[in-house]
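Summary of the model geometry
Now for the letters of each chain:
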Amino acid sequence: MTITMRSYGFTWTDPDGTPRASAVAYDEASATRRRDELEKAGASDIERVDVKPGELPTPRR
């Protein structure tokens, strides 16, 4: 049996309207914590995206 680790990144919009994207990839538990942090900071349009090794999401425009 092969266990595949999934990695996630985020795109979101800062409260001032600036589109952002994760500079790091997160595992499942860390992604959950990061989403909570973004919500508490007032971010909007938060989207968790699957990323492959060496890949990061691009901010939406």
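This one's a predicted model, so the numbers in the text were calculated from it and none came from an experiment.

1. Overview of the overall build of the protein chain
Secondary structure assignment for the protein chain yields 1 helix and 3 strands. Its helices and strands taken in sequence order, the protein chain reads β-β-α-β from the N to the C terminus. Its C-alpha atoms give the protein chain principal-axis dimensions of roughly 45 × 20 × 15 Å. The buried share of the protein chain, taken over its 61 residues, is 26%. Restricting to contacts in the protein chain with at least 6 residues of sequence separation, those with at least 24 account for 56%. For the protein chain, the accessible surface area stands at approximately 4,500 Å², while carbon and sulfur atoms represent 50% of it.

2. Comments concerning the packing of aromatic side chains
Under the criterion given, the structure shown has 1 aromatic pair. Taken together, a centroid distance of 5.9 Å and an interplanar angle of 65 degrees make the contact between Phe10 and Tyr26 edge-to-face. Taken together, the residues Phe10 in strand E1 (residues 7–13) and Tyr26 in the loop between strand E2 (19–21) and helix H1 (28–40) connect sequence positions 16 residues apart. Residue Phe10 is classed as buried on the basis of its relative accessible area, which comes to 0%. You can call Tyr26 buried: its relative accessible area is 16%. The lysine or arginine in question, Arg34, covers the ring of Trp12, its NZ or CZ lying 5.3 Å from the ring centre. A cation over a ring is seen here: Arg48 above Tyr8, with NZ or CZ 4.0 Å from the ring centre.

Criteria and thresholds
Residues numbered from 1 in each chain as written. Predicted model: local features only at pLDDT ≥ 70, side-chain atom pairs only at ≥ 80, totals over all residues. Heavy atoms only, no water. Helix = DSSP H or I, 4+ residues; strand = E, 2+ residues; numbered from the N terminus. Buried < 20%, exposed > 50% of the residue type's maximum accessible area, 1.4 Å probe, protein only. Contact = heavy atoms within 4.5 Å. Areas by Shrake-Rupley, 256 points an atom, 1.4 Å probe, with all protein chains shown as cover. Phe/Tyr/Trp six-rings, centres within 6.5 Å; stacked < 30°, edge-to-face > 60°. Lys NZ or Arg CZ within 6 Å of the ring centre and 35° of its normal.

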